[in-house]
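Residue-level structure breakdown
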Amino acid sequence: MKSSDSWSTATRIFLGFRSESYCEIEVSEGWHGDEGQTGSSLEMHCSSIPPLNPVLPTPPPRLPHTDQCPGPLRVGWAGLRKELTPLPTPLLPSGCKSASDSSKLQQKRRGSQRVQEEQRSPAGFPCPTAESIPELRRRTAILPTVTLASAGEALGDGVSAARPAARQSRSAADAERHTDAQVSISDVDTVREGHESELLRNLAEEFPLEQGFTIVFHGRRSNLDLVANSVQEAQTWMHGLQLLVGFVTNMDQQERLDQWLSDWFQRGDKNQDGRMSFGEVQRLLHLMNVEMDQEHAFQLFQTADTSQSGTLEGEEFVEFYKSLTQRPEVQELFEKFSSDGQKLTLLEFVDFLQEEQKEGERASDLALELIDRYEPSESGKLRHVLSLDGFLGYLCSKDGDIFNPTCHSLYQDMTQPLNHYYINSSHNTYLVGDQLCGQSSVEGYIRALKRGCRCVEVDIWDGPSGEPIVYHGHTLTSRIPFKDVVAAIGQYAFQTSDYPVILSLENHCSWEQQEIIVRHLTEILGDQLLMTAVDGQPPTQLPSPEDLRRKILVKGKKLMLEEEEEEPEAELEAEQEAKLDLEAQLESEPQELSPRSEDKKKKPKAILCPALSALVVYLKAVTFYSFTHSREHYHFYETSSFSETKAKSLIKEAGDEFVQHNTWQLSRVYPSGLRTDSSNYNPQEFWNAGCQMVAMNMQTAGLEMDLCDGLFRQNAGCGYVLKPDFLRDAQSSFHPERPISPFKAQTLIIQVISGQQLPKVDNTKEQSIVDPLVRVEIFGVRPDITRQETSYVENNGFNPYWGQTLCFRILVPELALLRFVVKDYDWKSRNDFIGQYTLPWSCMQQGYRHIHLLSKDGLSLHPASIFVHICTQEVLEEAES
């Protein structure tokens, strides 16, 4: 460093592609006092390492052969800039002194992401084999894992390496201190070419787009944009990463567990000598959330140490792991149905499937299928018997999951009118942050569509150079070109689902730019855009999702004789909520943040362009006045939007009329303008009234999005879920606030038995072990909303046992969602979240089931799970509210 008014750090990434070489990426970050600016750069160097002769279940992926390893890369973080204009110098050569102001945000992001990343180590069941244990230091040679070695940040494993404050120099000794943080390739969703990146497109003058590519992560994490020295090097990197991602994606259960266990072996082997001493084993137990008496742990250690070397290697470590993962509750269940305690005969397994799993008449055929699928021994398969390992394999599989495998497929009737379905919907889809100053990005549309969203919102305003832009009007949110949004929708609309996508247009443009909107929609979307009625005939009802396969529909205003134009959502909401002075004040605040608002009153209301009006075929937006007015003046192809406040009021005052309204017309509900932080409402109360498009801020994780993901997890995740029949009947008398179910109420009995491999809440604290409890929450009609929880198990996140029974009475099970939440008990503050899983009542399987937990972001925490027994019974008396 040249002065004490500067600091810098270096982060290295090792990417192992082949057994004979690895690539090292170095990220440099710093603050430079002379210019008062921060900077970041990234370089790659390649080296050779000797072959390590690894043993893998299947051969590792290999990069295509090249004479030279890929050259230096430079990096820019998408999502950190607010405007479309390029950052000052976002992509820098190594050693550059200044850059954008993003480095501090990058540091904070990397620190916060690490907990999530380490919780997502891939795994599976049943137990691994000794042959799968890694040899010394073979991770960088063959495992699909990225290792970060940071010299300026405390990243875990109990080693503190403090980052110096700004304007302080770093000593050579400090620079040598670093720890390893692991980012699995399983965190990577895909790799995109440079021209698909907003950030790289904006910097196209600095380098060819063909030299760039983007690493896209699962969930809501920001993308990583990279630039190589040449097009060939970029292609080599992209192809290699795609091979690795494909390799991890296609791992079977055994391979995933082998990978997961090898990760733990590497973390436990602190001195990296290829064997584990008892001290390292004790440390590993704490890392794995196990609190064990030292004497008992030493006894297990000695039992596994068959070589009597005082350390564990290979097969010895496997045996030690098996001793930790004994499932006495499963063995007890197995012996209950097994006559000899060694195996389940075909008849015994059929009895289990009928009596406990409630499989009914199909149990005999199913038993044969399951034995063939999960029995590890060939002799057992031939004799049609199931061993304890096979029984455990079944219970931990998708067949033993609480979510009925049938509901994962497209099992519902898709030929009914659109208004008979719940439709997965997004609010202000372009935003990936808050509603006032957040970033607008086409990534919001890509993420929403890939998670099954079928209704996206586009707020369009006049932009510079005659090009319409998309942003949250009268706020400081950034702008993106409308044509980029349309291009992203056209590319990703049907990657997850073939069923129709609805574009909810909020048009604020002049006549001239409306014509540009029409041109972009028709030219970019082409045949995907629905421009005429399905059969070419005047419709008598809305078409079905099946009729509209791979079609994009425009929802918006439409010119008609004596039309009463619908007000924009912001104005409509302000009118509906004017009685609340505080809310009205907050609603108007965003308009004061932009110079545009000064001219708002001066500009006349824009006239709708006929060409844009013609694109609205089935979903004409109209203002809602009353249910009576809608019945007398509106048609089935017209749709109204309601703020959450207005919708709640209507449900309370005339819930039965709202239900009837939604049997023949589409309704869209959107969050209040007060939710400037992009928080969400509870969508369940609007689904109870039959509202089809309940729009969510999909960029915000939490309980509300868990419910949304839970409902739309069924029916192949296609984004359409058929409503219960009493919400599709035009003569229905159902009232969501005073429900009387057409069927009998149900009693739900849940025995929470045990948990397996629960992740740590705070990975930076080695000695911290969770005290888990399980909470079961019911969401549905108001009388059904309730929750119960178990007591907590002290200091055991590895294999906690509860053995407690919870009982619920459900009045309208057809509308019920179940949410299982595991929390870390804390007597001093709020219990910390560990994992959750949410599913509809109709998709729940009875019997002994595993519930595989998800993170706050909805990502798998495999192998973390809880083991439960589910039983439902009809209530004898007639269901009443």
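Here goes a summary of the coordinates provided.

Thresholds applied
- Residues numbered from 1 in each chain as written.
- Predicted model: local features only at pLDDT ≥ 70, side-chain atom pairs only at ≥ 80, totals over all residues.
- Heavy atoms only, no water.
- Axes fitted to C-alpha atoms, helices over the stretch in contact; angles between N-to-C directions.
- Helix = DSSP H or I, 4+ residues; strand = E, 2+ residues; numbered from the N terminus.
- Left-handed = near helix turned anticlockwise from the far one by under 90°.
- Contact = heavy atoms within 4.5 Å.
- Nonpolar A, V, L, I, M, F, W, Y, C, P; charged D, E, K, R; others polar.
- Buried < 20%, exposed > 50% of the residue type's maximum accessible area, 1.4 Å probe, protein only.
- Polar contact = N/O pair within 3.5 Å; in protein donor to acceptor, adjacent residues only side chain to side chain.
- Pairing = 2+ DSSP bridges.
- Phe/Tyr/Trp six-rings, centres within 6.5 Å; stacked < 30°, edge-to-face > 60°.
- Lys NZ or Arg CZ within 6 Å of the ring centre and 35° of its normal.

Their axes nearest at 9 Å, the elements helix H11 (residues 346-355) and helix H12 (residues 363-374) cross at an angle of 115°. Crossing hand, H11 versus H12: right-handed. Contacts between H11 and H12 involve Leu346, Phe349, Val350, Leu353 and Gln354 on the former and, on the latter, Ala363, Ser364, Leu366, Ala367, Leu368, Leu370 and Ile371. Grouping the constituent residues of the contact of H11 with H12 by class yields 10 nonpolar, two polar and no charged.

So, about the side chain of serine 613. Turning to its location among the elements, serine 613 is positioned in helix H21 (residues 610-614). Residue classification places serine 613 among the buried positions, given a relative accessible area of 4%. Engagement of the side chain of serine 613 in a polar contact is seen with the backbone nitrogen of leucine 559, the distance being 2.7 Å. Once residues within four sequence positions are removed from consideration, serine 613 is found in contact with Lys557, Lys558, Leu559 and Leu608.

A word on the pairing of strand E27 (residues 847-854). Two faces make up the sheet, and in a regular strand the side chains alternate between them. When you tally the buried positions in E27, you get eight out of eight residues, the bulk of the element. With seven bridges connecting them, E27 and strand E28 (residues 860-874) associate as antiparallel partners. Along E28, the bridge assignment pairs tyrosine 848 with histidine 869.

As a further point, take the packing of aromatic side chains. The full count for this structure, using the stated rule, is 24 aromatic pairs. Relative to phenylalanine 301, the ring of phenylalanine 278 lies with its centre 5.5 Å away and its plane at 70°, an arrangement referred to as edge-to-face. Here phenylalanine 301 lies in helix H8 (residues 294-304) and phenylalanine 278 lies in helix H7 (residues 278-287), a separation of 23 residues in the sequence. When its relative accessible area of 3% is taken as the criterion, phenylalanine 301 is described as buried. Ring geometry for tyrosine 499 versus tyrosine 720: centroids 6.4 Å apart, planes at 65°, classification edge-to-face. On the criterion of sequence distance, the pair formed by tyrosine 499 in the loop between helix H17 (482-492) and strand E14 (501-507) and tyrosine 720 in strand E20 (residues 720-722) is long-range, its members being 221 residues apart. The class of tyrosine 720 is buried, set by a relative accessible area of 0%. Among the aromatic residues, ring-to-ring pairing joins Phe334, Phe337, Phe349, Phe352, Tyr374, Phe391, Tyr394, Tyr848 and Phe867 into one connected group. When the ring centre of phenylalanine 867 is taken as reference, the NZ or CZ atom of arginine 327 above it lies at 5.3 Å.

In short, the description is geometric, and any link to function would need to be established separately.
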